[in-house]
Each structure stands twice: as structure tokens, then as C-alpha cells.
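Structural overview
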Amino acid sequence: MSDPYEPPRPRDDALESELESLHQQEEEGHATPKEQRRAEQLERRLHADEHDEEVRERRQENHERDLDEERHRHRH
């Protein structure tokens, strides 16, 4: 999970803003099928971005742990 104090990426902000606008149109009954598909696409993209970020963070943590273990082994 990403750091809550880390600012969101600009791309995510743009996607979320567009998605919010599409949801508002949907609530007002003005969304076209094309706009509904676009909203679904944006939701999937945001979810995929979150997953990719979690994977990157896990890999980074694993890498750091491996480095710490390696340093510890060389000391003893």
C-alpha cells in the first residue's frame, strides 16, 4: 500500500477527476453508454495502477531486506 503522506501521482489525479465527473453525469442520468464504458475503463486502470505500486513497494522492501541480510552475513 502506498504511503498516505506521499502525494498522489498527477496521472492518478487526472484519472480520478475524470472518473468523478463521469460518475456525476451517471448520477444525474446524463451518462451515455460510451461514458459508462469510459468510467469502467478508468476504474480498472486506477485499480491496476494501485496494484502495480503495491508490487513495486513489495519488491523494494524485499530488496532492502535482502541487502540487510547480506550485510549481516558479511559481518559475522
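Here is a short report on the structure shown in this document.

Conventions we followed
- Residues numbered from 1 in each chain as written.
- Predicted model: local features only at pLDDT ≥ 70, side-chain atom pairs only at ≥ 80, totals over all residues.
- Heavy atoms only, no water.
- Helix = DSSP H or I, 4+ residues; strand = E, 2+ residues; numbered from the N terminus.
- Contact = heavy atoms within 4.5 Å.
- Patch = residues over 30% accessible without salt bridge, like charges linked within 9 Å, V, L, I, M, F, W, Y side chains within 5 Å.
- Areas by Shrake-Rupley, 256 points an atom, 1.4 Å probe, with all protein chains shown as cover.
- Salt bridge = Lys/Arg side-chain N within 4 Å of Asp/Glu carboxyl O.
- Lys, Arg positive; Asp, Glu negative; His and termini not counted.
- Charge placed at Lys NZ, Arg CZ, Asp CG, Glu CD.

A tally of helices and strands in the protein yields 2 helices and 0 strands. Of the contacts made within the protein by residues no fewer than 6 positions apart, 59% connect residues no fewer than 24 positions apart.

A grouping of Asp13, Glu16, Glu20, Glu50 and Glu54 is seen on the molecular surface, where their side chains present a negatively charged patch. Mapped by element, the contributors of at least two residues to the negative patch are helix H1 (10-27) and helix H2 (33-75). Looking at which element gives the most residues to the negative patch, the answer is H1, with 3 residues. With respect to the secondary-structure elements, Glu50 resides in helix H2.

Within the element layout of this structure, Asp12 appears in helix H1. Those residues in contact with Asp12 that lie beyond four places of it in its chain are Leu46 and Asp49.

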